[in-house]
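# Coordinate inspection notes
Each chain is listed here by its residues.
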Amino acid sequence: MQAVGDGSDMGGSLRTPAAFCNVLGLRPSLGRIPTPGANSWAWLGRTGPMAREVGDLALMMNVLSGPDPRVPTSIQEPGLDFRVGLGSGITGLRIGWSPDLGLGLPVEPEVLTVALQALAVFAEAGAIVEEAEPDLREADTVFRQTRAFDFEFGWGELVRSQPELVKPEMLENVAVGERQTAAELRELARARTRLEGHTRDYFDRYDLWLTPTVQLVPFPLAERWPKRVAGQPMGDYLDWISSVCVVSAMGVPALSIPAGFSQSGMPVGIQLVAPHGGDALLLRAAHAYEQRTRWSRVRPRMLEEVEAQR
């Protein structure tokens, strides 16, 4: 419908639809695209762009990025052109890969097949790819507890005033935030600090991290959220997107890029993750991959089948 767009990403709301729609979705570094508001210190949610191809994504980043005195976390880096260096290649880059993010997450075989094919492309482009993941044992807790706090802070009064107009998941999100104790928030701060240390240690060894974006292929619209992934039951509607949620908890930039199609013709995305401030590196790696695959220019088979039935 259009070349570029923008949106928000707390638990993958840019990356997941990008993977499902054969386009790119970028969750940028904290402060790269400043978002003024009532909670300007919030760190989990980000604003970012979506596009069909990396060049358009870089152009959008040029428009959206820059310092803002109203946002205390804003990156003070004016005039950065994300188009510069896109074609520099990735020879010698160290890329870690993890099929289940080191957490034993269930991932559908069709998704893994496509992701493994993507690994070979990065290796052919000159990157050094090996299986390794950061220590994410506390990432799910950090994500869920921070998200609950942010939901209660941002929408608690509205939800309590008109609960009958809000979907059940939103009611529960706010309720979790209401139940948080001072002791839990202290432990959350400690857990986040430990996770940040593990993340920093990982990116001391690797330039990028590569994972599946979503754990399954697109599912029927009638389902509110998938109840099973790769045969395993999902406890709630966050479990099926754990692959993006735990990356959000790391506090680093991440980019979903088109990686091909499942046997059933559904789009599959892979997730590139970089250290804080590594937005330009993400775009450079994605560009190198895109030049060798051009998946975003492939018309999904399902669309051809729908048109043939008209």
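Check the entry above for the structure.
Rules used in this analysis
- Residues numbered from 1 in each chain as written.
- Predicted model: local features only at pLDDT ≥ 70, side-chain atom pairs only at ≥ 80, totals over all residues.
- Heavy atoms only, no water.
- Buried < 20%, exposed > 50% of the residue type's maximum accessible area, 1.4 Å probe, protein only.
- Helix = DSSP H or I, 4+ residues; strand = E, 2+ residues; numbered from the N terminus.
- Pairing = 2+ DSSP bridges.
- Expected span 1.5 Å × (residues − 1).
- Contact = heavy atoms within 4.5 Å.
- Phe/Tyr/Trp six-rings, centres within 6.5 Å; stacked < 30°, edge-to-face > 60°.
- Lys NZ or Arg CZ within 6 Å of the ring centre and 35° of its normal.
- Axes fitted to C-alpha atoms, helices over the stretch in contact; angles between N-to-C directions.
- Parallel < 35°, antiparallel > 145°, perpendicular 65-115°, else oblique.
- Nonpolar A, V, L, I, M, F, W, Y, C, P; charged D, E, K, R; others polar.
- 1 Å grid on protein atoms, 1.4 Å probe; cavity = no way out; pocket = protein on both sides within 12 Å on 5 of 7 lines; lining within 4 Å.
- Points joined across faces, edges and corners; volume = space filled by probe spheres on them.
- Salt bridge = Lys/Arg side-chain N within 4 Å of Asp/Glu carboxyl O.

### Considering the pairing of strand 6 (residues 208–212)
Among the five residues that make up strand 6, five are buried, leaving the element largely enclosed by the rest of the structure. Of the pairings in the sheet, the one linking strand 4 (residues 94–97) to strand 6 comprises three bridges and is parallel in character. From the neighbouring strand, I95 faces strand 6, where its bridge partner is L208. Here strand 6 runs beside strand 10 (residues 267–273); their pairing, made up of four bridges, is antiparallel. Across the sheet, the residue bridging to L210 is L272, located in strand 10.

### A short note on helix 5 (residues 168–179)
Compared with the 16 Å implied by 1.5 Å per residue over 12 residues, the 17 Å span of helix 5 between its first and last C-alpha is a close match. Looking only at helix 5, the buried set comprises E169, M170, N173, V174, A175 and G177. Its buried side turned inward, helix 5 meets helix 4 (139–161).

### What about the packing of aromatic side chains?
In total, this model carries 10 aromatic pairs according to the counting rule given. Ring centres of F151 and W155 lie 4.9 Å apart, and the angle between their planes is 70 degrees; on these two criteria the pair is classed as edge-to-face. Here W155 and F151 lie together in helix 4, a separation of four residues that amounts to about one turn. Taking 5.0 Å as the distance between ring centres and 25 degrees as the angle between the ring planes, the aromatic pair formed by Y202 and Y206 counts as stacked. As far as burial versus exposure is concerned, Y202 and Y206 are alike and both buried. A network of ring pairs unites the aromatic residues Y202, F203, Y206 and W209 as a single cluster. In this arrangement the basic side chain of K227 is found over the ring face of W225, its NZ or CZ atom lying 4.3 Å from the centre.

### What to know about the packing of helix 4 against helix 7 (residues 242–250)
Closest axis-to-axis distance for the helix 4/helix 7 pair is 8 Å, and the angle between their directions is 80 degrees. For the element pair helix 4 / helix 7, the angle class is roughly perpendicular. Contacts from A139, D140, V142 and F143 of helix 4 reach helix 7 at C245, V246, S248 and A249. By residue class, the composition of the contact of helix 4 with helix 7 is six nonpolar, one polar and one charged.

### Quick word on empty space enclosed by the protein
Taken as a whole, this structure holds three cavities of 30 Å³ or more when the rule is applied. There is about 70 Å³ of room inside the largest cavity. For the largest cavity, the full set of lining residues is L24, R52, V54, I257, P258, A286, Y289, E290, T293, R294, W295 and S296. Secondary-structure elements contributing two or more residues to the lining of the largest cavity are strand 9 (254–261) and helix 8 (279–293). Counting residues per element, the lining of the largest cavity draws most heavily on helix 8, which supplies four residues. In terms of residue class, the lining of the largest cavity is made up of seven nonpolar, two polar and three charged.

### Let's talk about the layout of surface pockets
The computed volume of the largest pocket comes to approximately 620 Å³. Lining the largest pocket are 27 residues, and of these T35, N39, A42, G45 and R46 lie nearest its centre. If you list the elements that add at least two residues to the lining of the largest pocket, you get strand 1 (4–9), strand 3 (46–51) and helix 4. The dominant element in the lining of the largest pocket, judged by the number of residues it contributes, is helix 4, at five residues.

### Some remarks on the pattern of salt bridges
For the structure on display, the rule yields 22 salt bridges. Here E53 ties to R294 by a salt bridge, and the two come within 3.6 Å at their closest N and O atoms. Pair noted here: E53 is in the loop between strand 3 and helix 2 (54–64) and R294 is in the loop between helix 8 and helix 9 (301–308), with a separation of 241 residues, a long-range link. Since its relative accessible area comes to 17%, E53 is described here as buried. Given the relative accessible area of 25%, R294 is considered partly exposed. Among the salt bridges present, the one from R83 reaches D81, with a minimum N-O distance of 3.1 Å.

### A few points about unusual backbone geometry
One non-glycine residue with positive phi stands out, namely N22, at about 65 degrees. Tracing the backbone through its elements, the reader meets N22 in the loop between helix 1 (15–21) and strand 2 (24–27). When its relative accessible area of 5% is taken as the criterion, N22 is described as buried. The phi dihedral of A230 is positive, around 50 degrees, even though this residue is not glycine. Positionally, A230 belongs in the loop between strand 7 (228–229) and strand 8 (232–233). Judged by relative accessible area, which is 40%, A230 ranks as partly exposed.

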